[in-house]
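Coordinate inspection notes
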Amino acid sequence: MFVDHVKVFVKGGDGGDGMVAFRREKFIPNGGPAGGDGGNGGDLIFIVEEGLRTLMDFRYKRNFKAERGNHGMSKNQHGKNAEDYYVKVPPGTIVTSEEDGRVIADLVEHGQTAVIARGGRGGRGNSRFATPSNPAPELSEKGEPGQELNVILELKVLADVGLVGFPSVGKSTLLSVVTAAKPKIGAYHFTTIVPNLGMVETEDGRSFAMADLPGLIEGAHQGVGLGHQFLRHIERTRVIVHVVDMSGMEGRDPYDDYLTINKELEQYNLRLTERPQIIVANKMDMPDAEENLQAFREKVGEDARIFPISAVSRKGLKELLFAVADLLEVTPEFALNDVEEEETDATVLYKHESQGPDFEISRDDDGSYVLSGSSIERLFKMTDFSREDSIRRFARQLRGMGVDEALRERGAENGDIVRLLEFEFEFIE
């Protein structure tokens, strides 16, 4: 089974906790602070492995988590940073956030990397919080949580030329005779369920990648048959080679097939119609093919580029391949998304957006106030509530963010319950 669309959970490593520790200090009654910082959590990174062709491995493992940093230690010793965690993906993988649909990375070249989930920084030890007024603080930070999110992985094969057409029109046979690819070929529909990729070399030394893509039928843009698999892969190709069975042996009209395929391409994504297209009239060695081709030419018009061939006997292939190579030389690449258009770093491609407002206030059914938001939740998770100094610092941070004032504006009064994740406290004027 070919897997080209899968959801996975990714998480950067949590930062290590900072430590509260003291060393004996002559002029400080409780001893000088000596707690070290925690180490940073590892980033979760996708890396392209050219030997991979599908996303099959993600069917069996869908949760990926980087390691957390080591905790800080006494004597001001910092915890060790965690190693980054690399996940191999095939070339052509697009990583999209499930939450908002934004493209995080588009991975196309062997060795290319993208940071998908960043690790959290290590928490600070108590030596970081010493002041003249408080030379021995019992205060430290927990490690920052690593970024976590659900992402959608989509695989779109990397080919210069895509063979399109109804099932059983001869795409697999054509690919097999012009490249070293060995696609599975049979006399039944939907033979191709895996995009087969091969390299074509013309007699004058030019070369390009050609893909035989899953068969397309009417309704493909709505997911009928193998439609979504097919259309997902055709997006990357620069030139479309439209293979038509000119023999009519399947009981279909060649011109109707041609119109149906182009309609599906247009309805899936209008940008597909920007690709130059070459029409291949295949199976010209069969009865009625010449007559059908003449009628086909009259219907499509003189502007259409039609190349009669027989993939089995290899008649007409030389002219076809030269025409494709010529067209590739003048056809630019088509950007698929903002990442390709905006990013300039060829090694690391990633695009993380801001996490929204610092905090939001809502009301629960029991009348309590509920605080939420990435920044305020991050502060909460990095606070050690077992120490009074840490609790007081957290309260100061909330005031500094404007939480107290915002609660008053929402009508909070002395003694009202305020919730933040699993923490519950009273609002005090």
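No experiment lies behind these values; they were computed from the predicted model shown.

1. Remarks on the confidence of the model for the protein chain
- Averaged over every residue, the pLDDT of the protein chain is 83; the share at 70 or more is 83%.
- Per-element mean pLDDT across the protein chain ranges from 42 in helix α6 (residues 338-342) up to 97 in strand β5 (residues 63-65).
- Long-range and interchain partners of residues 217-228, a stretch whose pLDDT sits below 50, account for 30 contacts in this model, where long-range means more than four residues apart.
- Note that residues 338-354 has pLDDT below 50 and, in this model, 39 contacts with residues that lie over four places away or in other chains.

2. A closer look at the pairing of strand β7 (residues 93-97)
- Summarising burial for β7: five of the five residues are buried, a large majority.
- In β7, alternate side chains face the same way, and those of T93, V95 and S97 on one face and I94 and T96 on the other are all buried.
- In this structure, β7 lies alongside strand β8 (residues 103-107), joined through four bridges in antiparallel fashion. Paired with T96 across the bridge in β8 is V103.
- The hairpin formed by β7 and β8 contains five residues between the paired strands, and G101 there has a positive phi angle of roughly 80 degrees.
- Judged from the five bridges that link them, β7 and strand β10 (residues 148-155) form a sheet pairing that is antiparallel. Along β10, the bridge assignment pairs I94 with E154.

3. Remarks on the nonpolar core
- The biggest cluster of nonpolar side chains holds 32 residues, and the ones touching the most others in it are V161, L174, V178, F208, M210, L320 and V324.
- Among the secondary structure elements, those contributing two or more residues to this core are β11 (161-164), α1 (171-178), β13 (207-212), β14 (239-245), α3 (254-268), β15 (277-282) and α5 (317-329).
- Sort the elements by how many residues they give to this core and α5 lands first, with eight residues.
- Those residues in contact with V161 that sit more than four places away from it in its chain are F208, A209, M210, A211, T237, V239, V241, V324 and L328.
- The next biggest cluster of nonpolar side chains, apart from the first, holds 22 residues, and it includes V48, F64, A114 and L149.

4. Examining the environment of Y369
- For Y369, the position within the fold is in strand β18 (residues 369-372).
- With sequence-adjacent residues up to four places away left out, Y369 is seen in contact with I361, S362, R363, L407, R410, G411, A412, D416, I417, V418 and R419.
- Within the structure, Y369 has its side chain in polar contact with the backbone oxygen of R410 (distance 3.4 Å).

5. Regarding helix α7 (residues 374-381)
- Residues of α7 that are buried include every one of I376, L379 and F380, and no others. Around the axis of α7, the buried residues are gathered within 100 degrees of arc, so they sit on the same side.
- Looking at the buried residues of α7, the elements they touch are β18, α8 (388-401), α9 (403-409), β19 (417-420) and β20 (423-426).

6. Observations regarding the pattern of salt bridges
- By the definition in use, this model includes 23 salt bridges.
- Where R102 meets D100, a salt bridge forms, and the shortest distance between an N and an O atom there is 3.1 Å.
- Exposure remark for R102: the relative accessible area of 17% places this residue in the buried category.
- Note that D160 and R238 form a salt bridge whose closest N and O atoms lie 3.5 Å from each other. Here the residue D160 occupies a position in the loop between β10 and β11, and R238 occupies one in the loop between α2 (227-234) and β14, the gap between them amounting to 78 residues.
- For R238, a relative accessible area of 17% corresponds to the buried category.
- Salt bridges linked by common partners bring R121, R124, E141 and R393 together as one network.

7. Here we look at α1
- Burial analysis of α1 places seven of its eight residues in the buried class, which makes it a mostly covered element.
- Along α1, the positions that sit buried rather than exposed are K171, S172, T173, L174, L175, V177 and V178.

8. Topic: the sheet that holds β5
- Strand order in this open sheet of five strands is β5-β1-β10-β7-β8, and the pairing throughout is mixed. Strand pairing shows two members of the sheet lacking a second neighbour, β5 and β8, which therefore form its edges. Across the sheet, the axes of successive neighbouring strands diverge by a mean angle of 25 degrees, strand direction being ignored.
- Pairing between strand β1 (residues 5-11) and β10: seven bridges, direction antiparallel. When the bridges of β10 are listed, V10 appears paired with L149.

9. A closer look at the sheet that holds β18
- Pairing within the open sheet is mixed, and its four strands lie in the order β17-β18-β19-β20. Strand pairing shows two members of the sheet lacking a second neighbour, β17 (360-363) and β20, which therefore form its edges. The sheet shows a mean angle of 25 degrees between the axes of neighbouring strands, taken without regard to direction.
- Across four bridges, the pairing between β17 and β18 is antiparallel. Residue pairing in the sheet places E360 in a bridge with S372 of β18.

10. Section: the packing of aromatic side chains
- The final tally for this structure, using the stated rule, is 10 aromatic pairs.
- Arranged with centres 5.5 Å apart and planes meeting at 80 degrees, the rings of Y258 and F296 form a pair that is edge-to-face. Within this pair, whereas Y258 is found in helix α3, its partner F296 is found in helix α4 (residues 289-300), the two being separated by 38 residues in sequence.
- Centroid distance F380 to F394: 6.3 Å. Interplanar angle 65 degrees. Geometry classified as edge-to-face. You can see F380 sitting in helix α7 and its partner F394 sitting in helix α8, a full 14 residues away along the chain.

Reading the values: rules and limits
Each chain has its residues counted from 1, running along the sequence as written. Restriction of local features to residues with pLDDT of at least 70 applies here, the model being predicted, together with a cutoff of 80 or more for giving and counting side-chain atom pairs; totals for whole chains, interfaces and linings are based on all residues. To get the side-chain values, take all heavy atoms of the structure and skip hydrogens and water. Confidence scores per residue from the predictor, reported as pLDDT, run from 0 to 100. Helix numbers and strand numbers start at the N terminus; a helix is a DSSP run of H or I with at least 4 residues, a strand a run of E with at least 2. Any pair of residues with heavy atoms lying within 4.5 Å of one another is described as a contacting pair. The classification of residues rests on relative accessible area computed with a 1.4 Å probe and restricted to protein chains. Under 20% of the type maximum is buried, over 50% is exposed, and intermediate values are partly exposed. Any two strands between which DSSP finds at least two bridges are classified as paired. The term nonpolar core refers to a set of buried residues drawn from Ala, Val, Leu, Ile, Met, Phe, Trp, Tyr and Cys, joined through side-chain atoms within 4.5 Å. We define a polar contact as two N or O atoms separated by no more than 3.5 Å, with the added condition that, inside protein, one atom must be a possible hydrogen donor and the other a possible acceptor, whereas residues neighbouring each other in sequence contribute only through side-chain atom pairs. In this description, one arc is meant: the one made by directions from the helix axis to the C-beta atoms. Think of a salt bridge as a Lys or Arg side-chain nitrogen and an Asp or Glu carboxyl oxygen that are within 4 Å of each other. Angles here are taken between N-to-C directions and fall from 0 to 180 degrees, while the axes themselves are lines fitted to C-alpha atoms, restricted in helices to the stretch in contact. Stacked, tilted and edge-to-face are the three classes assigned to paired rings of Phe, Tyr and Trp, where Trp is represented by its six-membered ring and a pair needs centres within 6.5 Å; plane angles under 30 degrees give stacked, over 60 edge-to-face, the rest tilted.

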